[in-house]
Amino acid sequence: MRKKLILDVDTGTDDAVAIMLAGLHPDLDLVAVTVVNGNVPVENCTDNTLRTLDWIGRSDIPVYQGLSHPIVREDFPTPRATKRDPKVHMAVLPLPAATSAKKDLPAPIFLTQAFAEQPGEITLVAVGPLSNLAAAIAIDPKFPENCAELIIMGGAVNKSNITPSAEFNIWADPEAAAQVFRAPFRKITLVPLDATHEALVSKEQCEMLRALGSPASKASADIIEHRIRGYEETQPTGTPQTAPVHDAVCVAALVDREIIETKYVNVVIETLGEYTIGRTVVDHERRTKREPNCHVAFHARREPFVAMLTEVFTPKRPTEARAS
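As a convention, each chain's residues are numbered from 1 in the sequence order in which they are written. Selection of residues for local features in this predicted model requires a pLDDT of at least 70, selection of side-chain atom pairs for listing and counting requires 80 or more, and totals for whole chains, interfaces and linings are taken over all residues. By convention in this description, side-chain values take in all heavy atoms of the structure and omit both hydrogens and water.

Secondary structure elements follow DSSP: runs of H or I of four or more residues count as helices, runs of E of two or more count as strands, with numbering from the N terminus. The helix and strand inventory of the chain stands at 13 helices and 12 strands. Against the compact-globule benchmark of 20 Å for 324 residues, the chain has a radius of gyration of 18 Å, which places it among compact chains. By its C-alpha atoms, the chain is 50 × 45 × 40 Å across when sized along the principal axes. A buried classification covers 57% of the 324 residues belonging to the chain. Note on contacts: a residue pair is in contact if any heavy atoms of the two residues lie within 4.5 Å. Of the contacts made within the chain by residues no fewer than 6 positions apart, 80% connect residues no fewer than 24 positions apart. Calculation of accessible area relied on Shrake-Rupley with a 1.4 Å probe; when residues are assessed, cover is drawn exclusively from the protein chains displayed. With the model as given, the accessible surface of the chain reaches about 13,300 Å², and the carbon-plus-sulfur share is 50%. In this tally, Lys and Arg are treated as positive and Asp and Glu as negative; His is ignored, and so are the chain termini. Here the site of a charge means atom NZ of a Lys, CZ of an Arg, CG of an Asp or CD of a Glu. Charge separation in the chain, taken as the distance between the mean sites of 34 positive and 42 negative side-chain charges, equals 2 Å. The globule rule is 2.2 Å times the number of residues to the power 0.38, and the radius of gyration it is compared with is taken over C-alpha atoms. Accessible area is worked out with a 1.4 Å probe on protein chains only. A residue is then buried under 20% of its type maximum, exposed over 50%, and partly exposed in between.

Next up, the structure:
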């Protein structure tokens, strides 16, 4: 039976690869995509999401736009830069303009309705700031219990990418993240930077993807190569000519749990620290008496992740044919 999922994204580059993987994997049924404010404004994230789905022939998947700002703050803990570095943040994906349109219903309302209609049947994969989820919890306190599982790309234990303590998705709306981790979800799996940085994709593997010749493989190769250039210049991975594709690792792990290695621990979010705001405080050594609430991926396997991208993006499915 195909696993039903809803993706909550802030579509830039790695989100796009995650969307293509979720939309084309034969074992997954991508019910919908919801969009939240991220590295670029939510309107850009929505446009990028529609472009991605149209490109792979999956314009049948509905897209719902959500929050344009954090749930408490007017902006991120450090206000968003008015100009983004195009080497790092791609405001508009290099794909044709979308012909499909977002739905009118706000994403948080859609989330509460979708999970209430099919309680325990749909997994929610959240790969952006958690604002939409926190809003959905405020609308319907039973929303967490209706999710089969929540998989989050975010946080870090020994790595970071926005401050010395924090990863962007959690840092961007720490109050929302804190609310989500306090909520009674049936199961939360957190895939932090510590894991995603072990599932690196190389420039050589991008060339192999491009050679497959499908819309998804060509777009993924272009996008990941852009990421590699950005990482080489701003935050080298330690392995030359490679980059993580964080969000896609979460989708891959939904299909193959062997891709990540998790530990069941307690996680809380720092919302007040002068130097540590947005930190995922992971009690992996059981220093507190707080009960475990999250399965944290401390490691990820690179080979099966790249193999899955290669297999799924090989042009052999009707949806791929429609996109070419």
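Further remarks concern unusual backbone geometry. Comment: phi is negative for the bulk of residues other than glycine, and the bulk of peptide bonds are trans. One non-glycine residue with positive phi stands out, namely Gln241, at about 60°. The residue Gln241 is located in the loop between helix 10 (215-234) and strand 8 (242-243) in this model. Unusually for a residue other than glycine, Arg286 sits at a positive phi of about 55°. Inspection of the secondary structure puts Arg286 in the loop between strand 11 (280-282) and strand 12 (294-300).

Next up on the list: the environment of Ser59. Position of Ser59 relative to the elements: it lies in the loop between helix 2 (42-55) and strand 3 (63-65). Here Ser59 falls in the partly exposed class, since its relative accessible area comes to 46%. Separated by 248 residues in the primary sequence, Ser59 and Ala307 place their C-alpha atoms 26 Å from one another. Setting aside residues up to four positions removed in sequence, Ser59 forms contacts with Leu53, Asp54 and Ser100.

Attention shifts here to the pairing of strand 1 (residues 3-9). In terms of burial, strand 1 is a largely internal element, 5 of the 7 residues being buried. When DSSP finds two or more bridges between a pair of strands, those strands are recorded as paired. Two elements, strand 1 and strand 2 (residues 28-35), share 7 bridges in a ladder whose sense is parallel. Looking across to strand 2, one finds that Leu7 is bridged to Val33. The path from the first strand over the helix to the second decides the hand: if it runs clockwise while the strands point away from the viewer, the crossover is right-handed. Crossover connection from strand 1 via helix 1 (residues 13-24) to parallel strand 2: handedness right-handed.

Our next topic: the pattern of salt bridges. In what follows, salt bridge is the name for a side-chain nitrogen of Lys or Arg lying within 4 Å of a carboxyl oxygen of Asp or Glu. A complete count under the given rule lists 10 salt bridges for this structure. For Asp60, the salt bridge is made with Arg58, and the minimal N-O distance between the two is 2.8 Å. On the accessibility criterion, Arg58 (12% relative accessible area) is buried. Measuring nitrogen to oxygen at the nearest pair gives 2.9 Å for the salt bridge that ties Glu225 to Arg210. A residue pair is termed long-range when its members are at least 10 positions apart, and Glu225 in helix 10 and Arg210 in helix 9 (residues 203-212) qualify at 15 residues. Three or more residues are tied together by salt bridges with common partners; here these are Arg210, Asp222 and Glu225.

The subject of this paragraph is the packing of aromatic side chains. Aromatic pairs are defined between Phe, Tyr and Trp rings, using the six-membered ring for Trp, whenever the two ring centres lie within 6.5 Å; interplanar angles under 30 degrees are classed as stacked, those over 60 as edge-to-face, and all others as tilted. The final tally for this structure, using the stated rule, is 6 aromatic pairs. Geometrically, the ring pair formed by Tyr64 and Phe110 is stacked, given 3.9 Å between the ring centres and 10° between the ring planes. In this pair, Tyr64 sits in strand 3 while Phe110 sits in helix 3 (residues 107-117), placing the two residues 46 residues apart along the sequence. Looking at Tyr64, the relative accessible area reads 12%, which means it is buried. On the basis of an interplanar angle of 45° and a centroid distance of 6.1 Å, the ring pair of Phe168 and Trp171 is categorised as tilted. Here Phe168 and its partner Trp171 are both found in helix 6 (residues 168-172), 3 residues apart, which amounts to about one turn of the helix. Across this residue pair, the class does not change: Phe168 and Trp171 are buried. Taken together, the aromatic side chains of Phe76, Phe168 and Trp171 make up a single cluster linked through ring pairs.

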